[in-house]
Amino acid sequence: YRGRDWFYFGNELLEHKRFEEALEKYNKCLNTPETWNIERLNAALRSSLIYKDKQNYDKALELAYIAASCTSRPRADVCCVIGDIYRTIKNFEWAKRWYEGALDNNVSGLDATFYDEDCASWKPRLNLCLCEYELGNKKKAIRYNNEVLRIDPNNKDALNNKKILERSEEHTSE
């Protein structure tokens, strides 16, 4: 089989929630020398997400960093996955760095295959809001949340954050 075959076989297994088998196929994809870079990136990224769900954060980060190395600059979706892992383990400073990297990202051509465009738009801003809030930077949290609402005025998470942030501001000013 070619790397591409292993990748698509892994996708089918993932779709049917056969996670261990999907990881096996993605691993074969990653270890097949002629695998295209974009398939290598996505195999690593999807494997990372499986390990994150299994709460194996070291392995999730390892694979996300492999995905990050597949392009000249890490794609925004890869930055968001790495940021999500760091946020999950409550390393908000590192999470912030990766979400900020997602904002400074432009993807085109083959690099955009299987790409979540929201990761270069409202998703990192929403997560930056959460990180800044956790770090005690309420003004920055409000600014990022407002940016999300400018992009997506009906974003349920941002609307909920707005209520929380407003209550937080009321308690701080008392």
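In this text the structure is predicted, and so the values were computed from the model without any measurement.

This part takes up the environment of Leu45. Tracing the backbone shows Leu45 in helix 3 (residues 37-53). On the basis of relative accessible area, Leu45 is assigned to the buried category, the value being 7%. Taking C-alpha positions, Leu45 is 19 Å from Arg2, a pair spaced 43 residues apart along the chain. Here Leu45 is in contact with Ala67, Asp77, Val78 and Val81, once residues within four sequence places are set aside.

Per the counting criterion, the structure on display carries five aromatic pairs. A centroid spacing of 4.8 Å and a plane angle of 65 degrees characterise the contact between Tyr1 and Trp6, whose relative ring orientation is edge-to-face. Classification of Tyr1 by relative accessible area gives exposed; the value is 76%. Here Phe7 and Tyr8 contribute two aromatic rings whose centre-to-centre distance is 5.1 Å and whose plane-to-plane angle is 75 degrees, an arrangement assigned as edge-to-face. Phe7 sits in the buried class, given a relative accessible area of 0%. Overall, the relative accessible area of 33% leaves Tyr8 in the partly exposed class. Aromatic ring contacts, followed pair by pair, group Phe7, Tyr8 and Tyr26 into a single cluster. Cation over ring: Arg97 sits above Trp94, and NZ or CZ is 4.4 Å from the ring centre.

Cut-offs and rules
Residues numbered from 1 in each chain as written. Predicted model: local features only at pLDDT ≥ 70, side-chain atom pairs only at ≥ 80, totals over all residues. Heavy atoms only, no water. Helix = DSSP H or I, 4+ residues; strand = E, 2+ residues; numbered from the N terminus. Buried < 20%, exposed > 50% of the residue type's maximum accessible area, 1.4 Å probe, protein only. Contact = heavy atoms within 4.5 Å. Phe/Tyr/Trp six-rings, centres within 6.5 Å; stacked < 30°, edge-to-face > 60°. Lys NZ or Arg CZ within 6 Å of the ring centre and 35° of its normal.

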